[in-house]
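# Observations on chain architecture
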Amino acid sequence: MRSIHDNLQAVRDRIARAAAAAARRPESVTLVAVSKTHGAPLVAEASAAGQRAFGENYVQEALDKMDALRQDENARGIEWHLVGPLQSNKTRVVAARFDWVQSVESGKIARRLSEARLEAQAPLNVLLQVNVSGEATKSGVMPGEVRSLAAEVKALPRLRLRGLMAIPEPGADAARYRELNDLYRGLQGEFGFDTLSMGMTDDMEQAIAQGATMVRIGTAIFGARQKIRPAA
Ligand SMILES: *Cc1c(COP(=O)(O)O)cnc(C)c1O
C-alpha cells in the first residue's frame, strides 16, 4: 500500500492535470482531505505531508480527533471543515471548534452558528449546501431557494459566507455540475462568493472541469473507509 504522502501527491497531480485541461491554475483548486472514519494518526501523517484542510462528517468523531491532535507537532495549523449534516443541538460546539461549515442548509442553523461563534475568533466560514439533483432524499437547499438563504446568511455578523457546496450523485453528467457552476456564478458578484465545493475521489476531474474551486477527497488519500460509522 502506498503512503499517505504518496497518495496526497497523486491527488495533487490529478488536480493539477484537471486544472490544466480546463485552462485553470492548479492553485485555483483547494484540496480538503476528508478524514472521516480514519484515526488521528493518519490526519497527523497527512498534515506532516503538507496537507492543511481536513473535512469531517461526524461532529463527535471530529472533536475526538481534534483533542487527540492537540499536542501533536505535526498537526499544527490544521483547518477543520464540517462537511456532514449538522443538527441544531451541535451548533455551539461546531461554531467554537471548526473553521468552516460546508453543510449549511437552513437559516435556523446559520443563526445558531453565528450566535455561538466566539468574538475572539475570526468569523466562521460557511458554504450553503445545494441539492443540485433535486432529489427529495438528499440534503441541501433547492436551487431556487439558494438566493434567499444566501441573503439571510450574509446578514449574520459572525459568519462569512464563502459560496456553495454540493454532492452530485455518482455518475451525474456534466450538465449537473454546470448547473451548479451557473448558480454559483449567478450569485458570486452579489454575495462575494469565492468557493464552489464539489468533487470527490471519483469525480474530481469532472468537477474541476466545471469550475470547482474546492474538492473534498477521502478515499484517494486515506484508502477505503470501514462500513460501520460512528454515531454523529
Ligand atoms: C465522504 C465524503 C467525501 C469524500 O468522498 P471520497 O469519495 O472518499 O473522496 C467528500 N464529501 C463529503 C460530503 C463526504 O461525505
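In this report, the structure presented in the accompanying data block is examined. (Residues numbered from 1 in each chain as written. Predicted model: local features only at pLDDT ≥ 70, side-chain atom pairs only at ≥ 80, totals over all residues. Heavy atoms only, no water.)

### Remarks on helix 1 (residues 4-21)
- Look at helix 1: 26 Å from first C-alpha to last across 18 residues, which is about the 26 Å you get at 1.5 Å a residue.
- Of all the residues in helix 1, the buried ones are I4, N7, L8, V11, I15, A18 and A19. The buried residues of helix 1 occupy an angular sector of 110 degrees when projected down its axis, which confines them to one face. Turned more than 90 degrees away from the buried face of helix 1, the exposed residues are R17, A20 and A21.
- Looking at the buried residues of helix 1, the elements they touch are strand 1 (30-34), helix 2 (40-48), helix 8 (204-209), strand 8 (214-217) and helix 9 (219-222).
- A23 occupies a position one or two residues after helix 1 and carries a positive phi of about 55 degrees. (Helix = DSSP H or I, 4+ residues; strand = E, 2+ residues; numbered from the N terminus. Expected span 1.5 Å × (residues − 1). Buried < 20%, exposed > 50% of the residue type's maximum accessible area, 1.4 Å probe, protein only. Arc of directions from axis to C-beta. Contact = heavy atoms within 4.5 Å.)

### Digging into unusual backbone geometry
- In this structure, A23 is a non-glycine residue whose phi angle is positive, near 55 degrees.
- Examined against the element boundaries, A23 turns out to sit in the loop between helix 1 and strand 1.
- The phi angle at T37 is positive, at roughly 70 degrees, despite the residue not being glycine.
- For T37, the position within the fold is in the loop between strand 1 and helix 2.

### Details of the layout of surface pockets
- Counted as a void, the second largest pocket has a volume near 170 Å³.
- If you go around the second largest pocket, the residues you meet are M66, R70, I78, W80, A96, R97, F98, D99, R117 and Q121.
- The residue makeup of the lining of the second largest pocket, split by class, is five nonpolar, one polar and four charged. (1 Å grid on protein atoms, 1.4 Å probe; cavity = no way out; pocket = protein on both sides within 12 Å on 5 of 7 lines; lining within 4 Å. Points joined across faces, edges and corners; volume = space filled by probe spheres on them. Nonpolar A, V, L, I, M, F, W, Y, C, P; charged D, E, K, R; others polar.)

### Some thoughts on the site of the ligand
- The ligand sits among V34, K36, N57, V83, I167, M200, T201, R216, I217, G218, T219 and R225.
- Contacts to the ligand include K36, whose side-chain N or O atom sits 2.6 Å from an oxygen atom.
- Across the complex, the protein chains shield 90% of the 380 Å² of accessible surface that the ligand would expose by itself.
- Residues belonging to the shell around the ligand are distributed by class as follows: five nonpolar, four polar and three charged. (Near = heavy atom within 4 Å. Polar contact = N/O pair within 3.5 Å; in protein donor to acceptor, adjacent residues only side chain to side chain. Areas by Shrake-Rupley, 256 points an atom, 1.4 Å probe, with all protein chains shown as cover.)

### Considering the pattern of salt bridges
- Under the counting rule described, the total for this entry stands at 13 salt bridges.
- Between R14 and E205 there is a salt bridge whose closest N-O contact spans 2.8 Å. Remark: E205 occurs in helix 8 and R14 occurs in helix 1; sequence separation between them is 191 residues.
- Classification of R14 as partly exposed rests on a relative accessible area of 23%.
- With relative accessibility at 32%, the residue E205 sits in the partly exposed group.
- With a shortest N-O distance of 3.2 Å, E179 and R176 are connected by a salt bridge. Taken together, the residues E179 and R176, both in helix 7 (residues 174-191) and three residues apart, mark about one turn of the helix.
- A relative accessible area of 26% places R176 in the partly exposed class.
- Here the salt bridges do not stand alone but share partners, grouping E56, E61 and K65 into one network. (Salt bridge = Lys/Arg side-chain N within 4 Å of Asp/Glu carboxyl O.)

Everything listed here is a matter of geometry and, on its own, says nothing about what the molecule does.
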